[in-house]
Structure formats: structure tokens, C-alpha cells
Amino acid sequence: MGNLSDRYGRRPILLISLLGFGIDYIILAMAPSYGWLFAGRIIAGITGASFTTASAYIADISTDETSRAKNFGLIGAAFGLGFVLGPALGGLLAKFGLRAPFYAAAVLCLINCLYGYFFLPESLSKENRRPFEWARANPFGSLKFLTRHTEIAGLSVAFFLIYLGSQAVQGNWNFLRNTASAGIRIW
């Protein structure tokens, strides 16, 4: 997705990502079986590179290193706040039904998508865009890059741990679904 945002701009990729997440949450809310849950997660996986594209957007709009550090701090705080408040809000909304948190997440994503469509300017000018290259989109190419640049190994490990922690949230859905379907109250 980062490669696509370098080619087509940050704004369209962010909008596609938000729309994909909105569709994903609608599918999750209406899913009659596990197969539908997987379908929703596949859509989210294909369109879900919002963090890297948002980071590139922040880098584009930051005028100097001080504002860039401040802006990255703000986006990190926003993501962190979402990870803390999101599950809490989902737990409160679950009192209205097990599917209510997914509908709420879908509404938030789609509202953000509409806001971005009407108000978010493009941050990457056409002269700074580069062509899409399949070689750069290959995840193994990134690992090969890391073997040549060992000076960023610590940073790479830190990002791996951040993403591992953020993806662990997804693993709790099965627990929520199983306890709720068994009639066990978790609140």
C-alpha cells in the first residue's frame, strides 16, 4: 500500500483503506458464519495499510523536523488512544447486542472516509510521485534490505513488536464470541 501511495498519492489510499475497514465491519456485524468473518478480514487485510500511509502523509505535511516529531507523536497518541478506548467503547456498546460494536466501528470508518473525501487535501504532489514497482512491493525484498542495513535492526524489532501487539487485539475476538454464545457474561 505504501508503494501504491507513492504512485497515486496518500489521499486515495487512505480513503480506500477507510472504506475497506467500513465494509469489513459491516460484514463482521452481519456475518452469519465464520466464513463471512474471514471474508471481512480479507477485505480489511487487502485495504488496511492505513498506518503506513498515514505516517507517510504526516511526513509529507510536516515542514521541519520539530513539527514532524510532534506530528508523529500525535498520530502515535491517536492510535494508542484508539487501542485503549476502542475495546472499552465496544464493551459498552455490546450491551445493545453483540453486533453493535461492529456497526459503530463501521459508522466511524465511513464517517472518516466521507470527511477525508470532502476535506482532506492530497499531501504528495504529482512531481514527487514515483512509478509502482512490483520489486518494491515484495515483502521479502524488505527483509533483504534489512540484511544490508543492520544499523536499523533495533528499530525494525521495535516496529515488529508494536505490530505484534496491535494484532493481538484481533485474537481476542474469538474469546468474546465464544463466551457470549455460551451465555457467559464478561462484564
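Report on the accompanying structure. (Residues numbered from 1 in each chain as written. Predicted model: local features only at pLDDT ≥ 70, side-chain atom pairs only at ≥ 80, totals over all residues. Heavy atoms only, no water.)

## Thoughts on the layout of surface pockets
Formally: Buried and open spaces are told apart on a 1 Å grid over the protein atoms alone, a cavity being a set of points where a 1.4 Å probe fits but cannot get out and a pocket being an open set with protein on both sides within 12 Å along at least five of seven lines. Residues with an atom within 4 Å of a point are the lining residues. Grid points are joined across faces, edges and corners, and a volume is the space filled by probe spheres set on the points. Strands here mean DSSP runs of E at least two residues long; helices mean DSSP runs of H or I at least four residues long; both are numbered from the N terminus. Each residue is assigned to one class: nonpolar for Ala, Val, Leu, Ile, Met, Phe, Trp, Tyr, Cys and Pro, charged for Asp, Glu, Lys and Arg, and polar for all the others, Gly among them.
Taken as a whole, the second largest pocket encloses approximately 1300 Å³ of empty space. Residue assignment for the lining of the second largest pocket shows that the elements contributing at least two residues are helix H1 (2–8), helix H4 (50–61), helix H7 (134–137), helix H8 (139–148) and helix H9 (153–181). The element best represented in the lining of the second largest pocket is H8, accounting for six residues. In terms of residue class, the lining of the second largest pocket is built from 15 nonpolar, eight polar and three charged.

## Quick look at the nonpolar core
Just so we agree on the cut-off: Nonpolar cores are built from buried Ala, Val, Leu, Ile, Met, Phe, Trp, Tyr and Cys residues. Side-chain atoms within 4.5 Å join them into one set. Relative accessibility under 20% of the residue-type maximum defines a buried residue, over 50% an exposed one, and the middle range a partly exposed one, all with a 1.4 Å probe and only protein chains included. Note on definitions: a residue-residue contact is assigned when non-hydrogen atoms from the two residues lie within 4.5 Å.
Core analysis: the largest hydrophobic core is formed by 11 residues, namely Phe21, Tyr25, Leu28, Ala29, Ala31, Leu37, Ala44, Phe102, Ala105, Ala106 and Cys109. Mapped onto this core, the elements with two or more residues apiece are helix H2 (10–30), helix H3 (34–47) and helix H6 (100–119). Residues contacting Ala106, with those up to four places away along its chain left out, are Gly22, Tyr25 and Ile26. Judged by nonpolar contacts, the second largest core, of five residues, contains Leu14, Ala54, Tyr57 and Ile75.

## Looking at the pattern of salt bridges
Rules: Any carboxyl oxygen of Asp or Glu that lies within 4 Å of a side-chain nitrogen of Lys or Arg is treated as forming a salt bridge with it.
Throughout the structure, instances matching the rule amount to five salt bridges. Residue Asp6 pairs with Arg130 through a salt bridge whose shortest N-O separation is 2.4 Å. Residue Asp6 is found in helix H1, and its partner Arg130 is found in the loop between H6 and H7; the two are separated by 124 residues along the sequence. Relative accessible area serves as the criterion here: at 14%, Asp6 is assigned to the buried category. Given the relative accessible area of 30%, Arg130 is considered partly exposed. Salt-bridge contacts for Asp24 lead to Arg41; the nearest nitrogen and oxygen are separated by 2.5 Å.

## Points about helix H5 (residues 65–93)
Owing to its 3.6 residues per turn, the α-helix aligns residues three or four sequence positions apart on the same side. Basically, it comes down to this: What a helix is expected to span follows from its residue count: subtract one and scale by 1.5 Å.
In a regular helix each residue adds 1.5 Å, so 29 residues correspond to 42 Å; H5 covers 40 Å between its end C-alpha atoms and thus fits that length. Within H5 the residues assigned to the buried category are Ser67, Asn71, Ile75, Gly90 and Gly91. Here the buried face of H5 lies against H4 and H6.

## Examining the packing of aromatic side chains
Note the following rule: Pairs were defined over the aromatic rings of Phe, Tyr and Trp, the Trp ring being its six-membered one, requiring ring centres within 6.5 Å. Orientation was assigned from the angle between planes: stacked under 30 degrees, edge-to-face over 60, tilted for the rest.
According to the stated counting rule, one finds three aromatic pairs in the structure shown. Between Tyr117 and Phe118, the ring centres sit 5.0 Å apart and the planes meet at 90°, which makes this aromatic pair edge-to-face. Aromatic side chains Phe159 and Tyr163 sit 6.3 Å apart centroid to centroid with 25° between the ring planes, which places their arrangement in the stacked category. Residue Phe159 and its partner Tyr163 are located together in helix H9, separated by four residues, close to a single helical turn.

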